[in-house]
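Fold and contact review
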Amino acid sequence: MKRSGPLVTLLAGLLLGLFMLSLNATTGTKSASTSYAESPEATASPTPTRTTASPSPSSPSPSRTQVPDGDYAGRTTDDSAAVAVTLSDGKAIAYFCDGRAKESWLKGDVEDDGTMKLTGKHGAELNGTIKEGKRISGTVDIDGDRYAFTADKAKKPSGLYRATATVRGAKVDGGWIVLPDGRQVGILTRDDEPSPAPRIDPETGAVTVDGQQLTARPVTP
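Residues numbered from 1 in each chain as written. Predicted model: local features only at pLDDT ≥ 70, side-chain atom pairs only at ≥ 80, totals over all residues. Heavy atoms only, no water.

**Digging into the nonpolar core**
For the record, the criterion: Within this scheme, the nonpolar core is defined by two criteria: the residues are buried Ala, Val, Leu, Ile, Met, Phe, Trp, Tyr or Cys, and they are joined through side-chain atoms within 4.5 Å. Partly exposed residues are those whose accessible area sits between 20% and 50% of the maximum for their type, while under 20% is buried and over 50% is exposed, using a 1.4 Å probe and protein chains only. In DSSP terms, a helix is any run of H or I states spanning at least four residues, a strand is any run of E spanning at least two, and both are numbered starting from the N terminus. Pairs of residues are marked as contacts when any of their non-hydrogen atoms sit within 4.5 Å.
With 22 residues, the main nonpolar core has V85, L87, M116, L126 and I130 as its most contacted residues. Those elements giving two or more residues to this core turn out to be β2 (82-88), β3 (91-97), β5 (115-120), β6 (125-131), β7 (135-142) and β8 (145-154). If near-sequence neighbours (up to four positions away) are discounted, I130 is found in contact with V67, Y72, L87, V110, G114, M116, R135 and I136. I93, L160, V185 and V219 belong to the second largest nonpolar core, which has 14 residues in total.

Right, here's the structure in full:
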């Protein structure tokens, strides 16, 4: 009996050790399973992908009509005077002249729809509209009178010319309208005194004033 005691104790110890090893192995497996199940990668719900819609391109602004540059010349409806208008880069300059004593230089902007309101000295005003790029129709108000006019598209040498200089001590300012049919209408002022202008050579602009040769040049705004 005394000899079997140590053996039984040894066997009991071995069995206890085996039981503990088995228990630890089982516990470790469960822990690993639990850890995997609770990992964020395994349990977290997938984050929805957000798609940012690109802003739709705004509709292009309607193109605005570009008024073409050009020269226009014509007569008033009562045939008492001539009117010339020159357009460049959306601006206009005009000349009203009766070839004797009444004249006016006017200027202003041209709207995209072809309308214009040009103004000059002493309240002079021209209101006109470009029609199909071929002619300008409108009215000129000057010295209390209103003149209706139509000015057709002109080709050089027709158009509007001007010359300024000092001749024999007098300040000279001349304006000329060369009409499409070749006729010329102009006024020459000497120290603000108007008189009919001498003819110019429309090809060169040459004109002789009181014995001195000047050059009348095409007018642009």
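**Points about the packing of aromatic side chains**
Convention followed: Here the aromatic set is Phe, Tyr and Trp, taking the six-membered ring for Trp, and pairing holds for ring centres within 6.5 Å; pairs whose planes are under 30 degrees apart are stacked, those over 60 apart are edge-to-face, and all others are tilted. We count a charge as sitting over a ring when the NZ of a lysine or the CZ of an arginine lies within 6 Å of the ring centre and within 35 degrees of the ring normal.
Inspection of every chain in the model, using the stated rule, returns two aromatic pairs. Aromatic side chains Y95 and W105 sit 4.2 Å apart centroid to centroid with 25° between the ring planes, which places their arrangement in the stacked category. Highlighted residues: Y95 in strand β3 and W105 in strand β4 (residues 103-109), separated in sequence by ten residues. Comparing Y95 with W105 shows no difference in burial state: the two are buried. Summarising the aromatic geometry, the rings of F96 and Y147 are spaced 5.0 Å apart at their centres and angled 45° between planes, so their arrangement reads as tilted. With F96 in strand β3 and Y147 in strand β8, the pair connects residues that are 51 residues apart, well separated along the chain. Judged by relative accessible area, which is 1%, F96 ranks as buried. Lying over the aromatic face of Y161, K156 brings its terminal NZ or CZ to 5.3 Å of the ring centre.

**Brief notes about the pattern of salt bridges**
To keep things clear, this is the line we draw: When a carboxyl oxygen of Asp or Glu is within 4 Å of a side-chain nitrogen of Lys or Arg, the pair counts as a salt bridge.
A full pass over the atoms with the stated rule returns eleven salt bridges. Across the salt bridge formed by D173 and R162, the nearest N and O atoms sit 2.7 Å from each other. With a gap of eleven residues between them, D173 in strand β10 (residues 170-178) and R162 in strand β9 (residues 159-167) connect regions that are remote in the sequence. Put simply, D210 and R190 hold a salt bridge, and the shortest N to O gap is 3.0 Å. Residue D210 is located in the loop between β13 (206-209) and β14 (212-215), and its partner R190 is located in strand β11 (residues 184-190); the two are separated by 20 residues in the primary sequence. Overall, the relative accessible area of 33% leaves D210 in the partly exposed class.

**Considering the sheet that holds β8**
Sheet strands associate in pairs through backbone hydrogen bonding, adopting either a parallel or an antiparallel arrangement. Keep this limit in mind: Two strands make a pair as long as DSSP finds a minimum of two bridges between them. Helix axes are fitted only over the stretch in contact, all axes being lines through C-alpha atoms; the angle between N-to-C directions runs from 0 to 180 degrees.
With antiparallel pairing, eight strands are arranged side by side around a closed barrel as β1-β2-β3-β4-β5-β6-β7-β8. Between one strand and the next, the sheet's axes are offset by a mean angle of 25°, whatever the strand orientation. Relative to β8, strand β1 (residues 70-76) runs antiparallel, the two being bridged by six bridges. Paired with G74 across the strands is A151, a residue of β8.

**Observations regarding the pairing of β2**
For β2, the tally of buried residues reaches six of seven residues, placing the bulk of the element in the interior. Bridging between β1 and β2 involves six bridges; their strand directions are antiparallel. Note on β2: the bridge partner recorded for A73 is A84. The turn linking β1 back onto β2 is made up of five residues, and D79 within it adopts a positive phi angle of 60°. Where β2 lies against β3, seven bridges are found, and the strand directions are antiparallel. Residue V85 lies in a different strand from β3, and its bridge partner there is A94. If you look at the hairpin formed by β2 and β3, you'll find two residues sitting between the two strands, and D89 has a positive phi there, around 50°.

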